[in-house]
Amino acid sequence: MDQLTQNLKDGKMQLLEVPFPALGPGQVLVRNHYSLISAGTEGKTVKDARLGYLGKARARKEEVRKVIQTAKTIGLKETYRLVMNKLDAPSALGYSCAGEVIALAEDVKEFSIGDRVACGGSSAVHAEVVAVPVNLCVKLSPTVSMKHAAFTTLGAIALQGVRQADLRLGENCVVIGLGLIGQISLQLLQASGVKTFGIDIDPKQVTAALENGAEMAVLREDPQLEAALQHFTGGYGADAVIITAGSSSTDPIDLAGTLCRKKGKVIVVGAVPTGFNRKNYYVKELELKMSCSYGPGRYDTEYEEQGIDYPYAYVRWTENRNMEAFTGLLATQKIRLNSLLSHVFAFRDATKAYDLILEKSEPFAGILLEYDISKQLSQKVTLKSAHTASPSSVQAGMIGAGSFGQNFLLPALKGRVNLVGVATARPNNARNVSDKFGFAYCTGDAAEIVKDRNINTLFIATRHDSHAALVLDALKAGKNVFTEKPLCLYREELEEIYRQYKISEARLMVGFNRRFAPLSIKLKQHLNAAVPSSILFRINAGTVAGDHWIHDPKTGGGRIVGEVCHFIDYCSFLTGSKISEVSALAMKDPSGLQDTVSISLKFENGSIASIAYFSNGNKDVSKEYLEVYNGGLIAQLDDFKELKISGSRIKKKYSGNQDKGHRAEIDAFIHSIEEGKAAPIAFDELYNSTLSTFLVLESIAQNGTKLHIA
């Protein structure tokens, strides 16, 4: 199938052959008939991508600050590589479409194959097939055309702005900015019995508003604007002003303050600055409200990705119910879109549509892309034939290839193994990874990679909740498997993996990369294994937003399972012994995140370790600092960039660029397969480190109780 993509580095747009998207839980697979181009949002995205590096930096100042911070940590060369990798990837466009359901996840009951639907959100892209969560998808009445249904996302945005205004029958409302969302807002207000007054800087938009039924519409530059509004409202001013304009100027928000009556409301739907002139807002005691996209549920992972709805009685209008309401208005013809649909381009000519928007070569309003629904589509993309090789060579399959996989794992694999197939959830990402690293094919179906007999080794870099199932599938298929940490999220999964591994002849490796860092090897060479060690390990972890997926117990497992496992394993590596006792305390947090933790470990050989994993620090201090005390010697490791060894007969210092051992761990794993040797980390050590991580959680739950490992 094809998807419209844009390269963020040079702005180049193309129709890219990609595999079907992965169909995840709570999702429907939809074959698109039409998708709508948002001239405002997408036009800016396309325009920014075509800017030079300096222009991109000016347009994305927050991202520039993050790049500078990263450069301070890992150096300019490595930061440049990471940034270029992101910019050089094909990016998806679009967020509003309509089509036919062609497949359902097993847990989806509210839809059927063949349903006509409208879709929204980041997965409702310009592509022949999309996978959309159920809460971002609504069924269509037979009387609603697919063309008009493709407007549903923008309709929901407009509807949410109108709901925020909370106007009553007979009241009046000004709409500033008469683009597509502004025009739809006017019609929604009219349909609910509200008197409408439109304002725009473009005479064509003003004329369109009047033709679509607005009671009054004027140009912003009209010197009689304020007088006209006073006459329109009987001298009181507007009950509410909805701003649907997009501007870097404060004029829309200041004008809204001027036009509003005392105690009136200003609703911000469009992207405008809010540094308004205080006088009108203060004197009139105006209410300023932001309208969030399609409505309640937007940007809420539990709602959008997990399908957990808000109670109907308490949240009457969610984003899904707004989408449904808009399609209902289309069905009853309360909303008229024919006059707002100016262009329909065949999907193969999609780039011409964006040229029209950027060049403004002719007037436009709603622009649709139309898909050829008679075309035969392929679910995967084969780029070359996968050759068979000897059992001792590594025939690799990759499941998941996000930023970590692309920046750390795949560069170590390229040229070292035969890359056969890759599966990722996002089609454009799957194709990009295939092209960049030389995979024979790409797919959205992870099961296809597991079942492929040409693959003898799996590399897993997905979200944490899928690790255990994929590891088990790989072991059952007799394939060597490398999974990024954590090995699993639950103790029951660990025991199941243990049982399967014991009857499997395959190798299992977890990405505990710090063991393989050059400075880790040098540090351990200086330690006397015959005597116990004492370890202090401080991790300045930094904050991660509370709604990030890693904090979700079901998806990420939390930061202890998701990241602290690294440091627990590293201490075990340095002592050369298994953990025998665990205790831990977490600082109380209003959100219950458990990401500021003090952990004590005791080892079978008498060593002890204290891990201070703190999220309440400052990024100006290095992330990881380690001290090892061993038989009269002290080793100090600072962020894997500098190592000091101090003893009565030795003083040494090693330094260099930060290297946490990612490439070395991959090399060691590959070498073990090629040489027919055991995996670089013994399974018993992986089991012990993972079990100890789970015991940290149990100890915290028991107020720091010491827990023993038999």
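Quick look at the structure, then. For every chain, the first residue of the written sequence is number 1, and numbering continues from 1 onward in sequence order. The predicted nature of this model means local features are confined to residues of pLDDT at least 70 and side-chain atom pairs, given and counted, to a pLDDT of 80 or more, with totals for whole chains, interfaces and linings taken over all residues. Derived side-chain values reflect all non-hydrogen atoms in the structure, with water molecules and hydrogen atoms excluded from consideration.

**Side note on the pairing of strand 5 (residues 96-104)**
Part 1: Note that strand 3 (residues 27-37) and strand 5 share 7 bridges and pair antiparallel. Bridge pairing in strand 5 links Leu-29 to Ala-103.
Part 2: The sheet contact formed by strand 5 and strand 6 (residues 116-120) spans 5 bridges and is antiparallel. The residue of strand 6 that forms the bridge with Ala-98 is Ala-118. Whether two strands pair depends on DSSP finding at least two bridges between them. Helix and strand definitions here come from DSSP, where helices need a minimum of 4 consecutive H or I residues and strands a minimum of 2 consecutive E residues; each element is numbered from the N-terminal end.

**A look at the pairing of strand 3**
Part 1: Most of strand 3 is tucked away: 11 of the 11 residues are buried.
Part 2: One ladder, built from 5 bridges, connects strand 3 with strand 7 (residues 129-133); its direction is antiparallel. The residue of strand 7 that forms the bridge with Arg-31 is Val-129.
Part 3: Here 4 bridges tie strand 3 to strand 16 (residues 366-370), and the two strands are oriented antiparallel to one another. Paired with Tyr-34 across the two strands is Glu-370, which belongs to strand 16. Buried means the residue's accessible area, taken with a 1.4 Å probe over protein chains only, is under 20% of the maximum for its type, while exposed means over 50%, and partly exposed covers the values in between.

**Some words on unusual backbone geometry**
Working note: non-glycine residues mostly have negative phi, and peptide bonds are mostly trans.
Part 1: Cis peptide bonds are those with omega within 30 degrees of zero, and the linkage from Lys-485 to Pro-486 qualifies with -5°.
Part 2: Following the sequence through the fold, Pro-486 ends up in the loop between strand 22 (480-483) and helix 19 (491-502).
Part 3: Of note in the backbone geometry, Glu-285 takes a positive phi value of approximately 50° without being a glycine.
Part 4: Positionally, Glu-285 belongs in the loop between helix 11 (278-283) and strand 14 (287-290).
Part 5: Phi is positive for Phe-640, close to 55°, though the residue is something other than glycine.
Part 6: Mapping Phe-640 onto the fold places it in the loop between strand 29 (633-638) and strand 30 (642-647).

**Quick notes on the packing of aromatic side chains**
Part 1: Pairing of aromatic rings covers Phe, Tyr and Trp, the last counted by its six-membered ring, and requires centre-to-centre distances within 6.5 Å; plane angles under 30 degrees mean stacked, over 60 mean edge-to-face, and any other angle means tilted. Applying the stated criterion across every chain yields a total of 17 aromatic pairs.
Part 2: With a centroid separation of 5.1 Å and 35° between ring planes, the pair formed by Phe-404 and Phe-408 is classed as tilted. Taken together, the residues Phe-404 and Phe-408, both in helix 15 (residues 403-413) and 4 residues apart, mark about one turn of the helix.
Part 3: Three or more aromatic residues link up through ring pairs in this structure, and these residues are Phe-537, Phe-567, Tyr-570, Phe-573, Tyr-613 and Phe-640.
Part 4: Over a ring means this: the NZ of a Lys or the CZ of an Arg is within 6 Å of the ring centre and within 35 degrees of the ring normal. The positively charged end of Lys-139 is found above the aromatic ring belonging to Phe-111, 6.0 Å away from the centroid.

**With respect to the nonpolar core**
Part 1: Each nonpolar core is a collection of buried residues, namely Ala, Val, Leu, Ile, Met, Phe, Trp, Tyr and Cys, held together in the definition by side-chain atoms within 4.5 Å. Within the largest apolar cluster, 101 residues are counted, with the highest numbers of intra-cluster contacts made by Ile-497 and Leu-601.
Part 2: In this view, Ile-497 contacts Ala-468, Val-471, Leu-472, Leu-475, Leu-487, Cys-488, Leu-508 and Phe-683; residues no more than four positions away in its chain are not counted.
Part 3: The next biggest cluster of nonpolar side chains, apart from the first, holds 73 residues, and it includes Val-101, Val-132, Val-162 and Ile-267. Whether two residues are in contact is decided by their heavy atoms, any of which lying within 4.5 Å being enough.

**Things to note about helix 16 (residues 427-437)**
Part 1: By the criterion of burial, helix 16 is predominantly enclosed, with 9 of the 11 residues buried.
Part 2: Among all positions in helix 16, only Pro-427, Asn-428, Asn-429, Ala-430, Arg-431, Asn-432, Val-433, Ser-434 and Phe-437 are buried.
Part 3: Of the residues flanking the end of helix 16, it is Gly-438, one or two places downstream, whose phi is positive at about 90°.

**Regarding the state of the cysteines**
Part 1: Disulfides are defined as pairs of cysteine sulfur atoms found within 2.5 Å of each other. Inspection of the entire model under this criterion finds 0 disulfides.
Part 2: Distance from the sulfur of Cys-260, which forms no disulfide, to the nearest cysteine sulfur (Cys-173) is 8.6 Å.
Part 3: For Cys-260, a relative accessible area of 2% corresponds to the buried category.
Part 4: In this structure Cys-571 is a free cysteine whose sulfur lies 12 Å from that of Cys-565, the closest cysteine sulfur available.
Part 5: We classify Cys-571 as buried; its relative accessible area is 0%.

**A few points about the environment of Lys-265**
Part 1: Here Lys-265 is to be found in strand 13 (residues 260-268).
Part 2: Linking Lys-265 and Gln-636, residues 371 residues apart in sequence, is a C-alpha distance of 60 Å.
Part 3: Beyond its immediate sequence surroundings of up to four residues, Lys-265 is in contact with Ala-165, Asp-166, Asp-239, Ala-240, Val-241, Cys-260 and Glu-287.
Part 4: Two N or O atoms form a polar contact when they lie within 3.5 Å of each other; inside protein one atom must be a possible hydrogen donor and the other a possible acceptor, and for residues adjacent in sequence the pair counts only when both atoms belong to side chains. A distance of 3.4 Å separates a polar side-chain atom of Lys-265 from the backbone oxygen of Asp-166.

**Focus: the sheet that holds strand 18 (residues 395-399)**
Part 1: Pairing is mixed in the open sheet, where 7 strands are placed in the order 17-20-19-18-21-22-23. Of all the strands in the sheet, just strand 17 (381-382) and strand 23 (508-510) have a single pairing partner and so form its edges.
Part 2: Of the pairings in the sheet, the one linking strand 17 to strand 20 (residues 441-443) comprises 2 bridges and is antiparallel in character. Among the inter-strand pairings, Val-381 is bridged to a residue of strand 20, identified as Cys-442.
Part 3: Taken strand by strand, helix 16 contacts strand 17, strand 19 (418-423) and strand 20, and its axis lies near 165° from that of strand 20. Every axis corresponds to a line fitted to the C-alpha atoms, with the helix fit spanning only the stretch in contact, and the corresponding angles, defined between N-to-C directions, vary from 0 to 180 degrees.

**A closer look at the packing of helix 9 (residues 225-232) against helix 10 (residues 251-259)**
Describing two packed helices takes the angle between their axes plus the distance from one axis to the other.
Part 1: One can describe the packing of helix 9 onto helix 10 by two numbers: an axis separation of 11 Å at closest approach and a directional angle of 45°. Our classification of the angle between helix 9 and helix 10 gives oblique. Our pair here, helix 9 against helix 10, has a crossing hand that is right-handed. Contacts between helix 9 and helix 10 pair Leu-225, Glu-226 and Leu-229 from the former with Leu-255, Thr-258 and Leu-259 from the latter.
Part 2: Residues are grouped as follows: Ala, Val, Leu, Ile, Met, Phe, Trp, Tyr, Cys and Pro are nonpolar; Asp, Glu, Lys and Arg are charged; all remaining types, including Gly, are polar. Along the lines of polarity and charge, the residues of the contact of helix 9 with helix 10 split into 4 nonpolar, 1 polar and 1 charged. Convention used here: angles under 35 degrees read as roughly parallel, angles over 145 as roughly antiparallel, angles from 65 to 115 as roughly perpendicular, and any remaining angle as oblique. Should the near helix be turned counterclockwise from the far one by less than a right angle, the crossing is left-handed, whereas a clockwise turn marks it as right-handed.

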